[in-house]
Amino acid sequence: MITCFLKEKERNQYFVSQKSYLQKAIAALDDFWIHSGMIKAWCTEGIEQIDKFAALHRVNLTEWGEGEISEKTKKYTQWAETMRLAFFQYSRFTEKKYARSEALYSTLVSLAATWHQGMPEKIIIPGCGPGRSVLDFARIYKNSQVEGLDYSFLALLLADRIVCSDKRTALLRRDVYSEDDISAKYLVEGFSLSNAEFGISNLITCEIPECDLLVCSNTVNLLPNHEAAVRKIADAVRSDGTVIFADLIGWRLDRPQAQRRLNSDASMKELFEMFGFQTLDLFSGVPYIEAESDDQETCYKEHFYVGRKR
Ligand SMILES: C[S@@+](CC[C@H](N)C(=O)[O-])C[C@H]1O[C@@H](n2cnc3c(N)ncnc32)[C@H](O)[C@@H]1O
């Protein structure tokens, strides 16, 4: 299930812009491309769902509204980015069965198992993208309610389908940007989890609902103000609750100052402690590997922080 957490004044802008993007994407897809039908089907489903949301929330899809969104966030609403991320997150579960990305996701899970005390009633995963961590946490914590939040409508559609339905979902591996078309389609089975759900949220403008365990990876570095984002995370975690945080930090010197606040392990610790966490664990080094193709990989270093809310 997907719910909408956007504030009323932001909903118009959101649904109008997402629908217009999907319509343009359909028009731009070349029918000669072997996978265009699959992407068009996703975009068409997105448009149908947006129309349903618009009717439910009484959104007028002919009017522009207000919203605050960064270029980085916009990038992740594109279908190519959603597919890249989905394949990266789920490649182990497709016929391809590549485990390149497993280090990050399994570390998140093992940190929760190591540090979180008791059974969390509510787990929130802000910036979940196509839902991989929601899947992991909902499978392990069967009695918890796990909610993934993201701005990308297409990513949430994919996430909801893979995590919550029993349907097969086709994913494209990354190489859609390549001049030679070496893209390929892979199938992943649905997991039918009833304790998982998803929400449309803008982490710049929306509050994060209260939770006992919050897991956030590779998302805060995209937001325009790191300090504001960490404060938002801290406000959501209940007393004695746990934050499991991972990000690629201090790696882009071309970003504005507020976006470089998390620039070292020490600054990450300082920021979380400033907003009421007791540090439980802090380390870096797990590789975040993005595959460009079978021959070419880009590798970044993950920085992890685990804290308990005082
Ligand atoms: C690099 S991906 C990481 C996804 C996932 N956490 C992981 O580690 O695989 C960043 C995610 O943050 C989401 N995002 C970016 N800006 C956002 C915003 N302002 N509000 C909500 N989600 C946002 C993107 O749509 C994308 O799914």
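Preceding block: the structure.
Keep in mind the model is a prediction, meaning the values are calculated, not measured.

Trainee: I keep staring at the overall build of the chain and nothing clicks. Help me out?
Mentor: In terms of regular secondary structure, the chain is built from nine helices and ten strands. Compactness check: the chain gives a C-alpha radius of gyration of 19 Å against a globular reference of 19 Å for 310 residues, within 12% of the reference. For the chain, the proportion of contacts with a sequence separation of at least 24, taken over those separated by at least 6, is 74%.

Trainee: What exactly am I supposed to notice about the environment of Leu-262 here?
Mentor: The topology assignment puts Leu-262 in the loop between β8 (237-247) and α9 (265-274). Judged by the 24 C-beta atoms lying within 10 Å of it, Leu-262 falls in the buried class. Note: C-alpha distance between Leu-262 and His-226 (36 residues apart in sequence) is 6.5 Å. Ignoring sequence-local partners within four residues, the contact set of Leu-262 consists of Val-220, Asn-221, His-226, Asp-247, Ile-249, Gly-250, Ser-267, Met-268 and Leu-271.

Trainee: Would you mind showing me how to read unusual backbone geometry here?
Mentor: Excluding glycine, residues mostly carry a negative phi; peptide bonds, for their part, are mostly trans. One non-glycine residue with positive phi stands out, namely Arg-58, at about 50°. With respect to the element layout, Arg-58 can be found in the loop between α2 (36-56) and α3 (71-75). Among the residues examined, Arg-58 registers 8 C-beta atoms within 10 Å and is labelled exposed. Despite not being glycine, Ser-192 has its phi angle at roughly 50°, a positive value.

Trainee: Mind showing me how you'd approach helix α1 (residues 8-28) here?
Mentor: Working note: α-helix, 3.6 residues per turn, so residues spaced by three or four point in the same direction. In this model, α1 (21 residues) spans 31 Å end to end at C-alpha, consistent with the 30 Å of a helix rising 1.5 Å per residue. Along α1, the residues that are buried comprise Glu-10, Arg-11, Asn-12, Tyr-14, Phe-15, Val-16, Gln-18, Lys-19 and Leu-22.

Basis of the calculations
- Residues numbered from 1 in each chain as written.
- Predicted model: local features only at pLDDT ≥ 70, side-chain atom pairs only at ≥ 80, totals over all residues.
- Helix = DSSP H or I, 4+ residues; strand = E, 2+ residues; numbered from the N terminus.
- Rg over C-alpha atoms; globule rule 2.2 N^0.38 Å.
- Contact = placed C-beta atoms within 7 Å.
- Buried ≥ 20, exposed ≤ 12 C-beta atoms within 10 Å, placed from the backbone.
- Expected span 1.5 Å × (residues − 1).

Just geometry here; none of it tells us what the structure is for.
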